[in-house]
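# Fold and contact review
Listed below, chain by chain, are the residues.
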Amino acid sequence: MNEEHSIEINRRDLLKNAAAVTLAGAVASATPATDVVAQEAAADRQAPRTASDPTLIRRENKKQGSRDWQLTRVRLDKRGGLRCPPIEGYCSKQSVSAGESIDIMVSTDPVQKFSIEIFRTGYYGGRGARLMTKLGPFNGTAQPLPEVGEKRIRECKWEPSTTLTIPDDWPSGVYLGRLTTESDSSGFGYWQNYVVFIVRDDRPADILLQCSDNTWQSYNQWPDGYSVYTHPKGNQGPWADVSFDRPYGKYSQIFENPQTIGSGEWLCFEFPMAYWLEKHGYDVTYCSNSDMLTPERGLRCKAFISIGHDEYWDIRQYNSAVKMRDEGVNLLFLSGNSVCWVTPFRASSSGDPNRIIFRGGPYGGGYKFAEAREKDNGPFPHRGPDEGYLMGSRNVDPVNGGGDWVCTKPNHWIFEGTGMQKGESIPGLIGWEYHGDPPKDIPGLEIVAEGTALQGGVNPQQWTSTIYPGPKGNFVFNASTIWWCQDLASPPGHWLPWSHWSRPHGPDDRVQQITHNLLRRAIGK
């Protein structure tokens, strides 16, 4: 932090703090380690998840991580297939609070007994997840494939295999349920899959990390080519509905990654962010896109992070983000192709809220590319505002490609401690989608990095990374890439993506320092 922003401590406060540290040290040295562990465990059980608890994530990550939480044996229904019929499932809600219940629906075909292990993803000494509980064994059943409904929706109505009530001491986070059959046709093996859900809380926290699960579902092609991109009329129109009431199939682009089966895009493009945040003890809490339909959750935090591939936003999410910015919350778009499509939620056929979405229309207001999308793929029932006035940079056309992230303003505070020079690049960090063409009339907007991405390795497009001041001493930063967190950390089992003949390199101390600088400024440390 700049010297002018350093905290002045007067002599009286210094002596007071020194005395407090000395007393704390004396108490700690007189307290057996086992008692400290017991006290921390008791604190975890007793702390309400609506009260501030800034050490919660540090305490959680002192707990024993799991060596075995990844998928080992997965089997698709065919070469190039998307689903895993031997065992697959989904959850009844995108997110759930402690004390609430969530149904887990599972199908096994052929019929098999199975178990479910629930893991919370995080750092955990580098292991990446902690086993929270094991459920089962259960008697499996082959649940029916749903018929193709109106607007090509595939909405499952499976019977719950179990109902899980979230214990009060489970912290907010992204949870994976690993489904495992007891055996396979050989009698010696087993088959596995994931379900994924978010545990949210209402406590004030430094950082709110929003998962991009609307986008996970929009690209989900389960069971066989049914997403908002696969309608016979075209891949950019309003014609297809998608339901959260179905399993996540294997992610269908960028790479053939078996870890994506059942887990959406969490392990691909978002988990390295959470792993890194929790490694460094940041006070972070998690939410779904559907939790941001009103701004209250974000207003309890100092910084809001949009991560990875955050393309599909209900207009109420947009309004929430504007309200948060205007009330002094710092917004970090560590993402690409974000806030691109207006994505209205509606209830499922059984009345469960926020379970069906579709591509309702472009954001962009009267911006040229929003007009072009309307002309080429409309008519759309919705049009969102110009996202550039929220994010500081826009979705452009083409919006995909790969390139290096190039520093243009090395004296800016975000680069402190990086040693970066003007024109210095971070290889492959731009991809596979980004932002550009920032509005020129945002007061105080600065371009901190910019360059050229190559679509298909040959077609040039300009991208820009920006920052601008909010109205209450806060700021809005736009990294302009889906792949920002690829250079923060490489958790167990993580695969680096490769697209448009370009790829990021993995953990980079410059990206890590820039992110520290942003977060420390945002949370006032």
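Residues numbered from 1 in each chain as written. Predicted model: local features only at pLDDT ≥ 70, side-chain atom pairs only at ≥ 80, totals over all residues. Heavy atoms only, no water.

Of regular secondary structure, the chain possesses eleven helices and 23 strands. A compact globule built from 525 residues would reach a C-alpha radius of gyration of about 24 Å, and the chain, at 23 Å, matches this within 12%. Dimensions of the chain, computed from C-alpha atoms along their principal axes, come out at roughly 75 × 65 × 40 Å. The buried share of the chain, taken over its 525 residues, is 59%. For the chain, contacts bridging at least 24 residues in sequence account for 72% of all contacts bridging at least 6. Per element, the accessible surface of the chain, about 20,800 Å² overall, is 50% carbon and sulfur. (Helix = DSSP H or I, 4+ residues; strand = E, 2+ residues; numbered from the N terminus. Rg over C-alpha atoms; globule rule 2.2 N^0.38 Å. Buried < 20%, exposed > 50% of the residue type's maximum accessible area, 1.4 Å probe, protein only. Contact = heavy atoms within 4.5 Å. Areas by Shrake-Rupley, 256 points an atom, 1.4 Å probe, with all protein chains shown as cover.)

Another aspect to go through is the sheet that holds strand E2 (residues 95–97). Spatial ordering of the open sheet is given by E2-E8-E7-E4-E5, a layout of five strands whose pairing is mixed. Among the strands making up the open sheet, the edge pair consists of E2 and strand E5 (129–139). Between one strand axis and the next, the sheet turns through 30° on average, direction left out of account. The sheet contact formed by strand E4 (residues 113–121) and strand E7 (residues 173–181) spans seven bridges and is antiparallel. Among the inter-strand pairings, Phe119 is bridged to a residue of E7, identified as Leu176. (Pairing = 2+ DSSP bridges. Axes fitted to C-alpha atoms, helices over the stretch in contact; angles between N-to-C directions.)

In the structure shown here, the tally under the stated rule is 31 salt bridges. Asp201 is the salt-bridge partner of Arg203, the closest N and O atoms lying 3.1 Å from each other. Taking relative accessible area as the criterion, Arg203 reaches 1% and is therefore assigned buried. Here Arg510 makes a salt bridge to Asp508, at a shortest N to O gap of 2.8 Å. Considered together, Arg510 and Asp508 belong to a single accessibility category, that of buried residues. (Salt bridge = Lys/Arg side-chain N within 4 Å of Asp/Glu carboxyl O.)

With 85 residues, the main nonpolar core has Met273, Leu277, Ile305 and Trp405 as its most contacted residues. In this structure Trp405 touches Phe415, Glu424, Ser425, Ile426, Leu429, Ile430, Ala449, Trp463, Ser465, Ala479, Trp484 and Ile514, once residues within four positions along its chain are discounted. Listed in part, the 22 residues of the second largest apolar core include Tyr318, Ala321, Val322 and Met324. (Core = buried A, V, L, I, M, F, W, Y, C linked by side-chain atoms within 4.5 Å.)

Between the first and last C-alpha of helix H8 (residues 315–326) there are 17 Å, a value that for twelve residues agrees with the 16 Å anticipated at 1.5 Å per step. All buried positions along H8 are accounted for by Gln317, Tyr318, Ser320, Ala321, Val322, Met324 and Arg325. Between the side-chain oxygen of the N-cap and the backbone nitrogen of Arg316 there are 2.8 Å, and the N-cap of H8 in question is Asp314. (Expected span 1.5 Å × (residues − 1). Polar contact = N/O pair within 3.5 Å; in protein donor to acceptor, adjacent residues only side chain to side chain.)

Glancing now at the environment of Thr121. As for its placement among the helices and strands, Thr121 is situated in strand E4. C-alpha separation for the pair Thr121 and Arg503, spaced 382 residues apart in sequence, amounts to 25 Å. Leaving out residues up to four positions away in the same chain, Thr121 has contacts with Gly128, Ala129, Val174, Leu176, Trp266, Phe271 and Glu278. At a separation of 3.3 Å, a polar atom in the side chain of Thr121 contacts the side chain of Trp266.

Next up on the list: helix H11 (residues 509–523). Helical periodicity: at 3.6 residues per turn, an α-helix aligns residues three or four positions apart in one direction. Between its first and last C-alpha atoms H11 spans 21 Å; for 15 residues at 1.5 Å apiece the expected length is 21 Å, and the two agree. Within H11 the residues assigned to the buried category are Arg510, Val511, Ile514, Thr515, His516, Asn517, Leu518, Leu519, Ala522 and Ile523. Positive phi shows up at Gly524, right after H11, with a value of about 80°.

A few words on unusual backbone geometry. Cis geometry marks the peptide bond from Asp109 to Pro110, where omega comes out at 10°. Here Pro110 shows up in the loop between strand E3 (101–107) and E4. For the bond running from Asp397 to Pro398, omega is 0°, close enough to zero to count as cis. With respect to the element layout, Pro398 can be found in the loop between helix H10 (388–391) and strand E19 (403–406). Look at Asn337: it is not a glycine, yet its phi comes out positive at around 55°.

Glancing now at the sheet that holds strand E6 (residues 162–165). Sheet architecture is open: three strands sit in the order E1-E3-E6, paired in antiparallel fashion. A strand with exactly one partner marks an edge of an open sheet, and here the two such strands are strand E1 (88–91) and E6. Averaged over all pairs of adjacent strands, the angle between strand axes in this sheet comes to 25°, irrespective of strand direction. The pairing of E3 with E6 spans four bridges and is antiparallel. Bridge pairing in E6 links Asp103 to Thr163.

Taken as a whole and judged by the stated rule, the model has 27 aromatic pairs. With a centroid separation of 5.6 Å and an interplanar angle of 80°, the aromatic rings of Tyr251 and Phe269 are classed as edge-to-face. Placement of the pair is Tyr251 in the loop between strand E10 (241–243) and helix H5 (266–269) and Phe269 in helix H5, with a sequence separation of 18 residues. Grouped by ring-pair contacts, the aromatic residues Trp69, Tyr123, Trp266, Phe271 and Tyr275 constitute a single cluster. Over the aromatic face of Tyr190 sits the side chain of Arg73, whose NZ or CZ is 5.9 Å from the ring centroid. Across from the ring centre of Tyr367, 4.2 Å away, lies the NZ or CZ of Arg394, which sits over that ring. (Phe/Tyr/Trp six-rings, centres within 6.5 Å; stacked < 30°, edge-to-face > 60°. Lys NZ or Arg CZ within 6 Å of the ring centre and 35° of its normal.)

Topologically, Arg154 is positioned in the loop between E5 and E6. Despite its burial, Arg154 pairs with no opposite charge; the closest candidate is Glu147, at 6.7 Å N-O. Of note is the side chain of Arg154, whose polar atom sits 2.8 Å from the backbone oxygen of Pro146. Among all residues touching Arg154, those that are not within four sequence positions of it are Leu145, Pro146, Glu147, Val148, Pro223, Tyr226, Ser243, Asp245 and Arg246. (Lys, Arg positive; Asp, Glu negative; His and termini not counted.)

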